[in-house]
Structures are given as structure tokens and as C-alpha cells.
Amino acid sequence: MSCASASAQWYVVSGLRRAESRTPSASDGNVIRDGNGNQAATIDDEGQYDEQEQTANSPYVLDMPDVLHVGLVLPFQISTKANSNFLEMYSGALMAVRDFGNKGSKVEVSVLDESETGTPISSEFLKDNHLIIGPVNIEDIRTALEICPGDRFIVSPLDPKGADLTEDARLIQAPSYWTRQADEIVRWITSDTSWQDEIVLLRDTSGTDAEQAAYLVSRLVASGKKFRTVSNVQDFTPVQNGVSRFLISSNRDSFINTTVRSLGILATKYSNVTLYGTSKVRNSSGIDPEHLYNLGLHYTTSYFIDYESQSVRDFIYAYRALFKQEPGQFAFQGYDIMHYFLNVLSRYGVEWYKKLPEYSERGLQSDFNFENSDTVGNINTAIRRVLLGKDLSAVIQ
């Protein structure tokens, strides 16, 4: 079966909700109601059926398909050397589809190879699927949006640049944007800081991260908490009766590594020193993890797998049994995205995108939370807080 134009089907017994269509009684006043008792449609004196307009505030979406059609667009590069990451992501997505099939839903997945040698995405492909996940590449996303029908939305599964298109395009950004990590780390450090503590912003003076550094400073200022700014911790003395809480505002590996090394040495002299940052601090190239654990790093991230979680363990066991290998991050990402958006589609019907703010979900690796927005598209705002301990633990807070 070629990944350029593939189809996966999971058919069991349909468990989807349908609008209750019945002959109205006199007390109904020519009203058809759904299974929750809400008005779904009316019939005029000549027997004409008129559905109620569906809005973002509608309690029930009438158009619920018998079969959920999903389009998955990934750069498999199947005709050359197959991309193992995206084959893994596809496998994780199929695990989510299988779970829905086992619960009684009917799901049909059509797959396109996004790579240059694959099948080009078409308006027919977009129209034929209620849910479209992918493309991955930002340029391919732009191309797909140009031909996207007015009643369809595209889910951007990986590229954070997709967030820039949601203002006026029919795009749902699944990974949260970097500003959300910054927002959350500022909320965390300010809520932890007592009147005896101090916040110390470690700012990179090279100017390479001017936008992000300025954003972080603006968030700290808006919080109303006092803080001071330093570029290094040489000859630094922490507060006496509280905790010196350091926040790194750079994405530059060399600055992060040098700063963390200096803080690690400082922490051997003082026990009242701790570190905050985004996932970039945790994942910085060449960093010594021992320093991060000794400093009790508090960091925010869009992706974190808690291997102590029973649901994570169950997924790993099932993935091993089905694919005879260990699942990586791409498998978890494929599962989480497919699981969340299938849940929304199966709950609210083909206009699922109107209901995103009403449904949140905690995934295996990522969480999903959308807010009401004046933009055409929407961006996931969910962020995980992770705390590293001196006992080498990593715990979601």
C-alpha cells in the first residue's frame, strides 16, 4: 500500500450521536429537538425542514457523520529513503484511530505523502475529509490554505511557524507558541516568589534574542513583581533569608551553558539558589544535566512524557505489541493529535472547529487547550510545568 495515497479503515459499530429526527407534537410547536432536548430544527406549515444556525455557543452540532473522514498529510519520502520519524508519527496516529474503532466509532483515514515525490494535496482531498492533519512544512501549509474550502480547517501538527498564519487563515496550530512558554514560566516564578525572595533575570547581552528577551521582560514588568537584571553571576551573593530565583531569557546555547555552569558552582556554596526557564534551557546542546538537577530547574514545555504514568505505559506496551519497536516522541505526537481532534470531531460534528474552546484534553506527551479568539484560526495554549529534583526526578507540576 503506497503512502502517497493510502486509506486506513476502522469499522466497528457506530457509537456516534445523531440528532433525534421525529414528528413534532402539538406541544413542540413544530420544533425538532436533539437528544439533549435542545432545539435543533423547525418545520414550517408546509413541512419544510429548517436547521438552526450553528454558532460557537450552540450546545449541540447537528451535522454528525456516520463515518469520520480524516486526511493525514506527512512527508514520508516513501519513494526515496522513507522518513522514519514521520512513519513513526503515522503509526502513533493509527493507534489513536484504532482506539476509536474499538469504542464503536467509524473512522476512515486517507494519507498523502507531502514530500516532493508524493501526491500533491488537492481541494478535493480537503473537501472529502472532515479533519485534515498536516501538512507539516510551513510552505506546504500555505499552499494547502490557498485551496482550502470555506467549511474546512487544517491542523498544523508540528511547525511552530504556523501560529503566524492563524490570524486570518483557517488553520489550527496544535503545538503551543513560544510566547505561551514564556507566559507560563513568568506565572510560575512570580507565584513562587515570597517577599523574602528575589527574582534575577539572566539576560544575554549579545542581542541575538532581542525579541524574546524583550517579551520576557515585558511579562515580568506586567506581573508587578520586582526583579533585577544581570548578565552573569560572577561574585553573586544570594539573598540571606529567602531564595534567589534565576530566570534565563536567552535561547543561545553558549550563553545557557556558561550561565548554568556558573550557577551550578554557585549552588555548591549556597542552597537557596534555583533556576527557571523554558524548554530551551533543558534541551540546550552540550549542557551538563547534573547542574540542572542540582539547581532544581523549573521549566515550561509543550512536550513532556511522564513514563511513570499508567496511560503512557499502556501506550508503550500496545505500540510494542503492534509494531515490534519502541515508540519515540513522534509516535506520541501522532497519537495525541489524532486522539484530541478525533474526540472533538466525534463530539461536535463537522463544525468541530467552533467548539475547540469547550473541550480540553491531557495527552500522553502534549496537552490541548484552546481559548475563544477573534482570529480566524486558533492556537493551542496548553503548556506543561516540569520540575527537576536533586534525586534526578522529573515531575509534572
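(A) Structural view of the sheet that holds strand 14 (residues 298-301). Pairing is mixed in the open sheet, where 7 strands are placed in the order 11-10-12-13-14-18-19. Edge positions in the sheet fall to strand 11 (227-230) and strand 19 (394-396), since each of these pairs with one other strand and no more. This sheet shows a mean twist of 25° between the axes of neighbouring strands, independent of strand direction. Here strand 18 (residues 384-388) pairs with strand 19 via 3 bridges, running antiparallel. Within the sheet, the bridge partner assigned to V386 lies in strand 19 and is I396. Where helix 4 (residues 178-192) meets the sheet, it contacts strand 10 (198-202), strand 12 (244-248), strand 13 (273-278), strand 14 and strand 18, and its direction lies at approximately 150° from that of strand 14. Set on the sheet, helix 5 (residues 210-223) makes contact with strand 10, strand 11 and strand 12; between it and strand 10 the angle comes to about 165°.

(B) How the structure looks around the environment of L202. Mapped onto the secondary structure, L202 falls in strand 10. Sequence-wise, L202 and S231 are 29 residues apart; in three dimensions their C-alpha atoms are separated by 5.4 Å. Leave out the neighbours within four places in its chain, and L202 touches V230, N232, V233, F246, L247, I248, S249, F255, T259 and L263.

(C) Structural detail: the packing of aromatic side chains. Under the criterion given, the structure shown has 19 aromatic pairs. With 5.8 Å between their ring centres and 40° between their planes, F315 and Y319 make a pair best called tilted. In this pair, F315 and Y319 both sit in helix 9 (residues 310-323), 4 residues apart, roughly one turn of the helix. Summarising the burial analysis for this pair, F315 and Y319 share the class buried. The structure contains a cluster of three or more aromatic residues connected by ring pairs, namely F153, Y340, F341, W352, Y353, Y359, F368 and F370. The ring of F100 has K103 sitting right over it, with the charged end atom 5.8 Å from the ring centre. The side chain of R170 reaches across the aromatic face of Y353, ending 5.6 Å from its centre.

(D) Seen up close, the pairing of strand 13. Strand 13 sits mainly inside the fold: 6 of its 6 residues count as buried. Every second residue of strand 13 is oriented toward a common face, with V273, L275 and G277 on one face and T274, Y276 and T278 on the other, all of them buried. Relative to strand 13, strand 12 runs parallel, the two sharing 4 bridges. Along strand 13, the bridge assignment pairs S244 with V273. Regarding the hand of the β-α-β motif, the stretch spanning strand 12, helix 6 (residues 253-269) and strand 13 is right-handed. As defined by bridge partners, strand 13 adjoins strand 14 across 3 bridges and the pair is classed as parallel.

(E) Geometry of the pattern of salt bridges. Under the counting rule described, the total for this entry stands at 17 salt bridges. For E198, the salt bridge goes to R228, with nearest N and O atoms at 3.1 Å. Within this pair, whereas E198 is found in strand 10, its partner R228 is found in strand 11, the two being separated by 30 residues in sequence. Note on R228: relative accessible area 37%, which makes it partly exposed. Across the pair K280 and D253 runs a salt bridge whose closest N-O atoms are separated by 3.0 Å.

(F) A look at the confidence of the model for the chain. When pLDDT is averaged across the chain, the result is 84; 83% of the residues are at 70 or more. Contacts from residues 1-56, a stretch scored under 50 in pLDDT, to residues over four places away or in other chains number 127 contacts.

About the thresholds
Residues numbered from 1 in each chain as written. Predicted model: local features only at pLDDT ≥ 70, side-chain atom pairs only at ≥ 80, totals over all residues. Heavy atoms only, no water. Pairing = 2+ DSSP bridges. Helix = DSSP H or I, 4+ residues; strand = E, 2+ residues; numbered from the N terminus. Axes fitted to C-alpha atoms, helices over the stretch in contact; angles between N-to-C directions. Contact = heavy atoms within 4.5 Å. Phe/Tyr/Trp six-rings, centres within 6.5 Å; stacked < 30°, edge-to-face > 60°. Buried < 20%, exposed > 50% of the residue type's maximum accessible area, 1.4 Å probe, protein only. Lys NZ or Arg CZ within 6 Å of the ring centre and 35° of its normal. Right-handed = clockwise from strand over helix to strand, strands pointing away. Salt bridge = Lys/Arg side-chain N within 4 Å of Asp/Glu carboxyl O. pLDDT = per-residue confidence, 0-100.

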